[in-house]
Every structure is written in C-alpha cells, then in structure tokens.
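# Descriptive structure summary
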Amino acid sequence: MCQTDPEASPGYRGMSLILVEADRTGVSTTDVGAKMGIRMMHTAEVTFKDVRVPSSNLIGKENKGFYQVLEFFDESRILIAAQALGTAQGAFDRALAYIKSREQFGRKIAQFQVNQHKLADMATKIEMARLMTYKAAWNFDQGRIDPKLTSMAKMAAARAAVEVCDEAIQLLGGYGYMQEYEVERFARDAKITELYEGTREIQKNTIASALLGKLK
Ligand SMILES: Cc1cc2nc3c(=O)[nH]c(=O)nc-3n(C[C@H](O)[C@H](O)[C@H](O)COP(=O)(O)OP(=O)(O)OC[C@H]3O[C@@H](n4cnc5c(N)ncnc54)[C@H](O)[C@@H]3O)c2cc1C
C-alpha cells in the first residue's frame, strides 16, 4: 500500500494498492527473528527503496487502496477466526484425551468435577467461536460484507483460543508445560490471533463504530 497522493487529508484517502514483484530492484526483506509462536512461518520486514513499477501494476482504483484493504480484511479476518478455532479445538482434543487417561488420588482426573467444569467451559467457548466463525463465513459466501460480524467472529474465536489453550495446559498439569504434549505450542500459537489482522482493540473499534454509526 503506497501513498500516491501526498496532499490527501486524511492521508489514507491518498493510498493505492500496487503489485510489487519480489525481484524488483529496491525491494529487500529482513527476518524479524524468533517469535513466541507460529514458528513454522517466517516473518519478515519488507523494505521498498526507490522501487519503480509500471502503472499497470496498480490494483483496483488509484487512491482507494485503504478502502480495498478494509474489504480484504472482511475476508481475511474470517480466516484468522478459523485459525483460532482450529487451535482451540486442537488443544481441547488433547486435554480431553489426557484427563480421561491420567490417574491421581486413585481415580481418573476426569472424575474430579472441577476438571469436568473446565471441560464444559472450554467446549462452550469453542462452540460459540465456531458458530460465529461459520456465520461470518456463510455471510461472506453470500456476497455480503459485514465488518461488525467479521470482527466479532475474529475477536471471539481468538479469545476462545487463548483461554482454551491456557486451560488445556492446566488440565495436563506439569506435562502441559512440556513441548512433548503439544498444548504449550497451541497456547503460543493462539496469541497471534489476537494481534494480527487487527488487534482485539481494533476489532472493538470496528464493532463499536458499526453499532454507533456516524456520531454528530
Ligand atoms: C507474527 C506476525 C506476523 C504479521 N504478519 C503481518 C502481515 O503479514 N502483514 C501485515 O501487514 N502485518 C503483519 N503483522 C503486523 C500486525 O498486523 C501488527 O503487529 C498488529 O496489527 C498490531 O499493530 P502494531 O504492532 O503496530 O501495534 P500498535 O498499533 O502499536 O498497538 C499496540 C497496542 O495499542 C493498541 N492500540 C493501537 N491503536 C489503538 C486504537 N486506535 N484504539 C485502541 N487501541 C489501540 C493495540 O490494540 C495494541 O494493544 C504481523 C505481526 C506479527 C507479530
């Protein structure tokens, strides 16, 4: 996204989306280094220095790039909601299997009501996240754009992932902290869904502005 009209006020009204091939002169990338989670994926900072491209590389309309990106978010945030949902489900599945097999104090730890309640809360959060994610995806498939619904789904699924993964570690006890049992990785992977494609706070801004409309 490039500032194509430096005079535009506010600035976002003068931005355009431009395709830049990775081998263009002036494009460079720097790995940002070790991350808390999603370590299977490299993350790099991309720098553009005096890069030139033909005007045919313009995507969409000139100076409408910011609005086009917002539309892109209407789809991509649903994908992040789905990512969060899958992460939560993965941690839940492992915790469920574990408490049904682990014995302490002469019985399966799944027999302790406190652990049953944890499971019930986790499953409920996942179900709520699933319903919202599916609704947002279904709505998008109908060709409709609803930024409020999309942000709600992303925010709810991401929070569910963080909370469910944390509880999964708790249910596995000390093993939950060890890499061998995977739930610690799920917990580290979950957090990014509350950050990228707009933080939790930015989702709330989107939801609130849809609820309030233009304030006079
Ligand atoms: C692993 C990883 C991969 C990423 N991949 C991409 C990518 O592919 N493409 C890309 O473009 N970006 C990517 N990002 C960047 C990511 O989208 C941003 O880090 C994220 O949107 C938050 O922006 P920021 O880091 O500048 O935080 P800041 O904007 O500095 O925010 C810091 C804190 O202040 C809060 N805050 C900021 N502004 C407001 C406001 N107006 N109202 C309320 N609270 C506010 C935030 O919610 C947050 O809690 C990636 C980041 C990471 C960590």
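See the structure shown above.
Counting of residues starts from 1 at the beginning of each chain's written sequence and follows it residue by residue. Under the rules for a predicted model, residues below a pLDDT of 70 receive no local features and side-chain atom pairs below 80 are neither given nor counted, while totals for whole chains, interfaces and linings still include all residues. Excluding hydrogens and water, the side-chain values take into account all heavy atoms of the structure.

A separate point is a nonpolar patch on the surface. Patch membership requires more than 30% relative accessible area and the absence of a salt bridge. Residues of like charge join within 9 Å; the nonpolar side chains Val, Leu, Ile, Met, Phe, Trp and Tyr join within 5 Å. Here, Shrake-Rupley sampling with a 1.4 Å probe gives the accessible areas, and only protein chains in the shown set may cover a residue. Within this document, salt bridges are pairs made up of a side-chain nitrogen of Lys or Arg and a carboxyl oxygen of Asp or Glu, the two lying within 4 Å of each other. On the surface, a nonpolar cluster with roughly 250 Å² of combined accessible area is contributed by Y12, Y67 and L70. Strands here are runs of E lasting at least two residues and helices are runs of H or I lasting at least four, both read from the DSSP assignment and numbered beginning at the N terminus. Checked against the element boundaries, Y12 lands in the loop between β1 (2-3) and β2 (15-18).

Residues are labelled near a given molecule or strand when at least one of their non-hydrogen atoms is within 4 Å of it. Around the ligand, the neighbouring residues are K35, I38, T43, I192, L195, Y196, E197, T199, E201, I202 and N205. Measuring from an oxygen atom of the ligand, one finds a side-chain N or O atom of T199 at 2.6 Å. Two N or O atoms form a polar contact when they lie within 3.5 Å of each other; inside protein one atom must be a possible hydrogen donor and the other a possible acceptor, and for residues adjacent in sequence the pair counts only when both atoms belong to side chains. E201 has a polar side-chain atom sitting 2.6 Å from an oxygen atom of the ligand. In isolation the ligand offers 970 Å² of accessible surface; the protein chains occlude 34% of this area. Under the grouping applied here, Gly and all other residues not named as nonpolar or charged are polar, the nonpolar ones being Ala, Val, Leu, Ile, Met, Phe, Trp, Tyr, Cys and Pro and the charged ones Asp, Glu, Lys and Arg. In terms of residue class, the shell around the ligand is made up of five nonpolar, three polar and three charged.

Here the idea is simple: oppositely charged side chains can pair when their charged atoms come close. Following the criterion strictly, the structure yields 15 salt bridges and no others. With a closest N to O distance of 2.8 Å, E21 and R24 form a salt bridge. The buried label goes to any residue with under 20% of its type's maximum accessible area, the exposed label to any with over 50%, and the partly exposed label to all in between, with areas taken from a 1.4 Å probe on protein chains only. Relative accessible area serves as the criterion here: at 27%, R24 is assigned to the partly exposed category. Here E184 makes a salt bridge to R188, at a shortest N to O gap of 2.9 Å. Taken together, the residues span about one helical turn, with E184 and R188 both in helix α4 (residues 183-191) at a distance of four residues. Assigned by exposure class, E184 and R188 land together as buried.

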